[in-house]
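An overview of the molecular structure
The primary structure of each chain is shown beneath.
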Amino acid sequence: MIKEKVKQFIVENFALGTAPTSLGDDTSLVGTGIVDSTGVMELIGFLEQEFRISIDDADLVPENLDSINRMVAFLQSKGVADLATGTGE
Amino acid sequence: MFSKDVLRLDPEAETNRLCRFLQDRVLAHYKRKGVVVGISGGIDSAVITALNVRAFGAERVLGVIMPEKESNPISAPLARQLAAKFGVPVVETDLTPVLDALRVYSHKDLIIGRLVPSYDPASDKTKIALPANVLDRAAFNVFTLTVQKPDGTSRSVRLGADDFREIESVQNMKQRVRMMQLYHHAERLHRVVCGTTNKNESDQGFYVKYGDGGVDIEPIVHLYKSQVFELGRYLGVTTEILNRMPSPDTWSGCVGDEEFYFRMPFDVLDMLLYAWNNRIPKNEVEAALDLTEQQIDRAFADFEAKSKATWHLRTLPDSIAEPSTAGTEA
């Protein structure tokens, strides 16, 4: 559920014309140019609003946000439950 | 072998080369009578002014000084001093009324007031900046707005995408209005507008499309910032400008280029940017600059991100090359 929502947002806002299935879960979004600097700001806004979390400045690092899988892991570390799988901390 | 000497110039030879370039482009290629230069009080426009005086004589160089109410108060006096030293005639236009009419200040104040309710446009200073010291922390390029009170206290908030784009689009009108002024003078005098963009700015997208990037020639776009300073010392740029911290000078709060955009000191930035541009092996960079591989990776990733995010600044307008014919497919 988390992964699908994140992937959908990225495809709809940045990877226009890309099918969700072709966007790799470990693809570096900034490194490949899919998401640029202001795109990162959009992504932060989406994650905070969609998942009702607050992201600290210290967390705005590639380790947390630069791929779909990293974002999923980060969101789970912030206590966001993945409703489809029932996982979450 | 990569070393700190790699950016050393022969300033006399480089000056002669640049003067030949300017003479060829302005006189032979453009067939114009001289140049117009926006003199900001900073090092880049100071060097450009000095070079053009060398190339054409002061009488063929017009300096245009264009302060506005958020400019550093020292900028215009430094610009006048520089122009006087090189004998360059100047025209000075305060852009505040134009920017006011375009609602640059009021639009920005509205956004800032919403983000920081205690903001008082009459007394507070503002600035935006990126996270500091990219070498030690690979933070994304997300801007923070800071409001500074007269009592020295401040409040900072992270900018969201929409607010950043609104503020940036409004602020960029300053550079675009300056471009209008420069072309007004260039056209009435049958001259060209000479740009002041250096390589750091060009590579990393630190200029405004059709703002300070809207010019006819860019003589120092191949020079790193430290090289611009080296030329400035050789050409006799005023001490005050040589010692001045480079800044965008578009915010009322004091913010240098390093804090605003580049996220590292210029001496390190220049070397790392050179290494990135020229694919210098990382082990050579580590040895020459006494940096770790991780620090170099962070810097290179930042260069890559900024270059990719600003590619459109370095392109010409798109168009369809082939003319349409009766058989052209719809």
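Note that the structure is a prediction, hence the values are computed from the model and not measured. (Residues numbered from 1 in each chain as written. Chains lettered and ligands numbered in written order. Predicted model: local features only at pLDDT ≥ 70, side-chain atom pairs only at ≥ 80, totals over all residues.)

Section: the overall build of chain A
- Counting its regular elements, chain A contains 4 helices and 0 strands.
- Traced from its N-terminal end to its C-terminal end, chain A shows the element sequence α-α-α-α.
- Counting all 89 residues of chain A, 24% fall into the buried class.
- Residue pairs at least 24 apart in sequence account for 49% of intrachain contacts in chain A once pairs closer than 6 positions are excluded. (Helix = DSSP H or I, 4+ residues; strand = E, 2+ residues; numbered from the N terminus. Buried ≥ 20, exposed ≤ 12 C-beta atoms within 10 Å, placed from the backbone. Contact = placed C-beta atoms within 7 Å.)

Thoughts on the interface of chain B and chain A
- Opposite the 14 residues of chain B that make contact, chain A presents 14 residues.
- Every element with two or more residues in the side of chain B that touches chain A is listed here: α6 (161-189) and α13 (293-309) of chain B.
- Of the residues contributing to the side of chain B that touches chain A, the split by class is 9 nonpolar, 2 polar and 3 charged. (Nonpolar A, V, L, I, M, F, W, Y, C, P; charged D, E, K, R; others polar.)

As for the sheet that holds strand β2 (residues 61-65) of chain B
Residues and elements named next belong to chain B.
- If you walk across this open sheet you meet the 4 strands as β3-β2-β1-β7, and the pairing is parallel. The outermost strands of the open sheet, each flanked by one partner alone, are β3 (90-92) and β7 (192-193).
- Pairing between strand β1 (residues 35-38) and β2: 4 bridges, direction parallel. Bridged to V37 within β2 is G63. (Pairing = 2+ DSSP bridges.)

What about the domain arrangement of chain B?
Residue and element names in this part refer to chain B.
- You can read the domains of chain B as domain 1 (8-99 + 166-311) and domain 2 (100-165).
- Taking the mean C-alpha position of each, domain 1 and domain 2 sit 24 Å from one another.
- Listed per partner, the contact involves 28 residues of domain 1 and 27 residues of domain 2.
- Sorting the residues of the side of domain 1 that touches domain 2 by element identifies α4 (96-101), α6, α10 (257-262) and α13 as the ones contributing at least two each.
- Residue composition of the side of domain 1 that touches domain 2, by class: 15 nonpolar, 5 polar and 8 charged. (Domains from an automatic or database assignment.)

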